[in-house]
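# Working through the structure, step by step
Spelled out from the first residue to the last, the chains are:
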Amino acid sequence: MPWKNQGGGPWGSGPKGPWGSGPQSVGPRPPDLEDLLRRGQDKLQQILPGGYFSGMGIAIILLVAVAIWLLSGFFRVQSEELGVVLRFGKHVRTVQPGLNYHLPYPIETVLLPKALRVSTISIGMTLIDDPARRGRTMRDVPEESLMLTGDENIVDVDFTVLWRIKPDGVGNYLFNIQNPEGTVKAVAESAMREVIGRSNIQPILTGARTTTEAGVQDLMQKTLDSYGSGVLVQQVQMQKVDPPAQVIDAFRDVQAARADLERLQNEAQTYANRVVPDARGRAAQILQVAEGYKEQAVAEAKGQSARFLKVYDEYAKAKDVTRQRIYLETMERILGNAEKLVYDGGGSSSGQSIVPYLPLSELTPRRPPATSTQPQAQGGGSR
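Between helix 8 (residues 248-317) and helix 9 (residues 319-335), the least distance of the axes is 5 Å, while the angle of their chain directions is 130°. The angle between helix 8 and helix 9 places the two elements in the oblique class. Facing Val311, Glu314, Tyr315 and Lys317 of helix 8, the residues of helix 9 in contact are Lys319, Thr322, Arg323 and Ile326. Broken down by class, the residue content of the contact of helix 8 with helix 9 amounts to three nonpolar, one polar and four charged.

To continue, consider the pairing of strand 6 (residues 119-123). Burial of strand 6 is one-sided: the residues Ser119, Ile121 and Ile123 facing one way are buried, the residues Thr120 and Ser122 facing the other way are not. Note that strand 6 and strand 10 (residues 154-165) share five bridges and pair antiparallel. Following the sheet pairing, isoleucine 123 is matched in strand 10 by phenylalanine 159.

What follows covers the pairing of strand 2 (residues 83-87). Consecutive side chains along a regular strand alternate between the two faces of the sheet. A large share of strand 2 lies buried, amounting to four of its five residues. Alignment of strand 2 against strand 3 (residues 90-95), held across five bridges, turns out to be antiparallel. In the strand pairing of strand 3, valine 85 is matched with arginine 93. Hairpin connection of strand 2 to strand 3: two residues between the antiparallel strands, including phenylalanine 88 at a positive phi of 55°. Inspection of the sheet shows strand 2 paired to strand 5 (residues 108-111) by four bridges, in the antiparallel sense. Looking at strand 5, one finds that valine 84 is bridged to leucine 111.

Spatially, 3-2-5 is the arrangement adopted by the three strands of the open sheet, whose pairing is antiparallel. A single partner strand is all that each edge strand has here, and the edge strands are strand 3 and strand 5. Each strand axis lies, on average, 30° off the axis of its neighbour in the sheet, ignoring direction.

Within this structure, the stated rule accounts for one aromatic pair. Ring geometry for tryptophan 163 against tyrosine 173: centres 6.4 Å apart, planes inclined by 40°, an arrangement best described as tilted. Taken as a pair, tryptophan 163 in strand 10 and tyrosine 173 in helix 4 (residues 170-175) lie far apart in primary sequence, 10 residues in all. Assigned by exposure class, tryptophan 163 and tyrosine 173 land together as buried.

A few words now on the side chain of glutamate 213. Looking at where glutamate 213 falls in the secondary structure, it is placed in helix 7 (residues 209-227). Buried and unpaired, glutamate 213 has arginine 209 as its nearest opposite-charge partner, separated by 6.3 Å. One polar contact links the side chain of glutamate 213 to the main-chain amide nitrogen of methionine 238, over a distance of 3.0 Å. The residues touching glutamate 213, leaving out its near neighbours within four places in the chain, are Val236, Gln237 and Met238.

Once that is clear, we can look at the pattern of salt bridges. Overall, the coordinates contain 10 salt bridges when judged by the stated rule. Here arginine 193 makes a salt bridge to glutamate 189, at a shortest N to O gap of 3.3 Å. On the criterion of helical spacing, the pair formed by arginine 193 and glutamate 189 is a turn pair, its members being four residues apart in helix 5 (residues 180-197). Assessed through its relative accessible area of 30%, arginine 193 is described here as partly exposed. Between glutamate 329 and arginine 325 there is a salt bridge, and its shortest N-O distance comes to 2.9 Å. Here arginine 325 and glutamate 329 lie together in helix 9, a separation of four residues that amounts to about one turn. For arginine 325, a relative accessible area of 36% translates into the label partly exposed. Through salt bridges that share partners, Asp156, Asp158 and Lys240 make up one connected network.

The rules we used
Residues numbered from 1 in each chain as written. Predicted model: local features only at pLDDT ≥ 70, side-chain atom pairs only at ≥ 80, totals over all residues. Heavy atoms only, no water. Axes fitted to C-alpha atoms, helices over the stretch in contact; angles between N-to-C directions. Helix = DSSP H or I, 4+ residues; strand = E, 2+ residues; numbered from the N terminus. Parallel < 35°, antiparallel > 145°, perpendicular 65-115°, else oblique. Contact = heavy atoms within 4.5 Å. Nonpolar A, V, L, I, M, F, W, Y, C, P; charged D, E, K, R; others polar. Buried < 20%, exposed > 50% of the residue type's maximum accessible area, 1.4 Å probe, protein only. Pairing = 2+ DSSP bridges. Phe/Tyr/Trp six-rings, centres within 6.5 Å; stacked < 30°, edge-to-face > 60°. Lys, Arg positive; Asp, Glu negative; His and termini not counted. Salt bridge = Lys/Arg side-chain N within 4 Å of Asp/Glu carboxyl O. Polar contact = N/O pair within 3.5 Å; in protein donor to acceptor, adjacent residues only side chain to side chain.

In structure tokens:
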């Protein structure tokens, strides 16, 4: 029997403890554990008729425990996750985001990988915390970014890989590879080194970035599929492609010289494209004119020879008549447009004859008239 139920204890009367002092009120007292257990037992006895150690009480307790065990199979899959249900450790199905159910533990368990999230891996660079700037800064990782090209040059390549889990490959992702992110990073670096090793440095730095990215993505996907990783490579982005910092100035000078060479070649080609067609056009025009003159000359010669033959045939038939006709036609052609005076050579009825004279004034060139400023000649003029 507890001491507080006795009449003050062995040291006196009243509500005192064994040390002679009664309980002091210093604040709210904590609930008594024995009292709580006693109240719980009383309520359980009221709920379970016949006592909780009876057959009916044990059955109800078992039913409640089984109900709680069955309800423990409900689980929720978030928007970026997929639920992988395992039955005794074996993958049986994959469920979509939302409220789902699986048989309670230990029959079935569920894993919730971030299968719908696109992950990013950076190679050749890393983000570090910068307390001075209160943020994160990019730091170069030379052991990952320096690569050897096919023409034995060194190039500094920083790139990023965007990847996710295949919707139908979640099981492979969970059980076939131990470190998915490390595997993707190692495969990406290996694929980039292989593609860079097959290429020259000049196309990589200028216009072959898209081709290089596509080649790395295809090679990564084939390698990861051969591993059965369940990983889908969505994109490869080359962030920076430069020569090493030690030779970048000399390399830029070489690039400028090559740019000048290409510019001069383009200017020369433009000039040639303008001049050569013009010269070819003029040459074709000269050939066409010469060909036309040739055809004209040959046709005229053939016509004149045919005319001469026809005239000769007529001349052979009547030589006097033909000779007289040819003479008249020739004189007509010569004297047709000339100013002429026909004189038969005989005298007139009055006995006057025509005296021909030579127009000396028309044969000598006329001098320009003298101006008023020139002095006049003294004396009489010559006649």
